[in-house]
Amino acid sequence: MSRLKIAFVSDVIYPFIKGGAEKRIYDISTRLARKGHEVHLFGVRWWDGKSPIDLDGVTVHGVCPPLRLYAGARRSLVEPAAFSAALVLHILQFCFDLIDCSEFPFLPCFGAKLAALATNVPLVVTWHEVWGAYWKEYLGKLGHCGSFVERSVASLSDHLIAVSDKVRRDLASIGVNESSISVIPNGIDFESVMKTQASYQAFDLFFAGRLIREKNLDLLVNAIAVLSRKHPSLTCAIVGDGPERNRLIELARQLHVADKIAFLGTFQRHEQVISLLKSSKIFVLPSSREGFSTVLAEAKACKLPAVVYAGAQSAAPEMIQDGRDGLLFYQLEVEELADRIERLLSDEDLRANISDNAFESARRYDIERIIMQVEATYRKVLEEFRRRTVRG
């Protein structure tokens, strides 16, 4: 197989910024580099010092200085605009075979497209979610502008990668031809998960992710207040950071459960998250929006039963067979979430059975399988692009 020269584009870069989309790029890019491909990643310079840097075999270019990611509770427009403006000239210094750009926060996709056109290479856009009608809720009267930008980005690329079947369906709903979409979920390092030891810190409940409104963590805090009446020693770990952090801490104080919830922030090493998953009893994911949940896949690999919100805008429930490898709840109501958690807390046999099934179903997300799918997709896209170019 020929060696590929691949450019990834994402304003946020793991491990400087921690999230599922960033971790996906890190996992895929570093493993492609190990397989002998030349891999570059263009993003914001979140580190101090020179650029580019070597990150586990990947050449990482910081194309502009860091700016604030959030303006209040919303993603800033200034940061992706500055990144997009600086992106094109940096990519044009190289000759790549293919460019893979993350769809969010949209603006960098236009810069990646200009670079792809200028160098005559195919552009792949990886989609983690489609906002669709949610734009109106997010931006109010300006929601139609966001929807227009999203549809425009969906038409830019030679091929689209969706991280779940739900994202594939959502892309089709905004006019994308399904034949141009490949579904490749996020992967987990199964071997590393198996080797990681459980933490000495033990928690009953566990959540990891960005502390943003869509995660509905106020629901979890309220559910803990309800459950603690029957389980006074109940504990919960919340890993992550974001604009909701202070509000959640204050809510826990008001509900008199501040001593039961540990807000642990972010960790330097991902193994620390896995270690805590292994020492916890139940993973809780009340999020309204998930294109794919990597931490849910990791929880399953750690034999951790999960309670997941079955929201219409989330792909997470597609990862759960209700009652077999996890439990779903269908309304954003404290009582329903508390009921599902209570079922697992009080029934050890149910918890053990779901744990075993969760472990087996997690194997489909093994990163080695995902890498083979990504590499095969890139080669197919490149072959089709070259064929069209010759015909043209």
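Now for a quick tour of the structure.

Calculation rules
- Sequence positions are assigned chain by chain, starting from 1 and proceeding in written order.
- Local features in this predicted model are restricted to residues whose pLDDT is 70 or higher, and side-chain atom pairs enter the listing and the counts only when it is 80 or higher, whereas totals over whole chains, interfaces and linings include all residues.
- As a rule here, side-chain values come from all non-hydrogen atoms in the structure, and water together with hydrogens is ignored.
- Ring geometry is summarised as follows: Phe, Tyr and Trp rings, the Trp one being its six-membered ring, pair when their centres sit within 6.5 Å, and such pairs are stacked at plane angles under 30 degrees, edge-to-face over 60 and tilted between the two.
- By the criteria applied, helices consist of DSSP H or I runs no shorter than four residues and strands consist of E runs no shorter than two, each listed in order from the N terminus.
- Residue exposure (1.4 Å probe, protein chains only): buried if accessible area is under 20% of the type maximum, exposed if over 50%, otherwise partly exposed.
- Placement of a charge over a ring requires the Lys NZ or Arg CZ to be within 6 Å of the ring centre, with the centre-to-atom vector within 35 degrees of the ring normal.
- Two strands qualify as a pair provided that DSSP identifies no fewer than 2 bridges between them.
- We call a crossover right-handed when, viewed with both strands directed away from the observer, the connection leading from the first strand over the helix to the second proceeds clockwise.
- Any pair of residues with heavy atoms lying within 4.5 Å of one another is described as a contacting pair.
- The set of buried Ala, Val, Leu, Ile, Met, Phe, Trp, Tyr and Cys residues whose side-chain atoms join them within 4.5 Å is what this entry labels a nonpolar core.
- Angles here are taken between N-to-C directions and fall from 0 to 180 degrees, while the axes themselves are lines fitted to C-alpha atoms, restricted in helices to the stretch in contact.

### Brief notes about the packing of aromatic side chains
Under the counting rule described, the total for this entry stands at 16 aromatic pairs. Geometrically, the ring pair formed by Tyr309 and Phe329 is tilted, given 5.4 Å between the ring centres and 40° between the ring planes. Of the two residues, Tyr309 sits in strand S15 (residues 306–309) while Phe329 sits in strand S16 (residues 327–329), which places them 20 residues apart along the sequence. Overall, Tyr309 belongs to the buried group, its relative accessible area being 12%. Three or more aromatic residues link up through ring pairs in this structure, and these residues are Phe104, Phe106, Trp127, Trp131, Tyr134 and Trp135. Above the ring of Phe96, the side-chain terminus of Lys5 is found at 5.7 Å from the ring centroid.

### Re the pairing of strand S14 (residues 280–285)
Residues in a regular strand point their side chains to alternate faces of the sheet. Of all six residues that make up S14, five are buried, and the element is covered over most of its length. Relative to S14, strand S11 (residues 203–208) runs parallel, the two being bridged by three bridges. Within the sheet, the bridge partner assigned to Leu205 lies in S14 and is Ile282. For the crossover from S14 across helix H11 (residues 294–301) to S15, the handedness is right-handed.

### Observations regarding the environment of His231
Looking at where His231 falls in the secondary structure, it is placed in the loop between helix H8 (217–227) and strand S12 (236–239). Expressed as a C-alpha distance, the spacing of His231 and Glu342, which sit 111 residues apart in the sequence, is 9.4 Å. Every residue in contact with His231, bar those within four places of it in the chain, is listed here: Glu342 and Leu345.

### Thoughts on the nonpolar core
Within soluble globular proteins, side chains that are nonpolar tend to cluster in buried spots. Ranked by size, the top nonpolar core spans 137 residues in total, and within it Ile99, Trp127, Leu171, Leu277, Phe283 and Ile341 carry the most contacts. Of all the elements, H8 adds the most residues to this core, at eight residues. Among all residues touching Leu277, those that are not within four sequence positions of it are Phe206, Phe283, Val295, Glu298, Ala299, Cys302 and Leu304.

### Some details on the sheet that holds S16
Spatial strand order, S13-S12-S11-S14-S15-S16: six strands in an open sheet with parallel pairing. At either end of the open sheet lies a strand with only one pairing partner, and these are strand S13 (261–265) and S16. For this sheet, the mean inter-axis angle between neighbouring strands, taken without regard to orientation, is 20°. Relative to S15, S14 runs parallel, the two sharing three bridges. Directly across from Leu285, in S15, lies its bridge partner Val308. Contacts from helix H12 (residues 334–346) reach S11, S14, S15 and S16, with the element oriented near 165° to S16.

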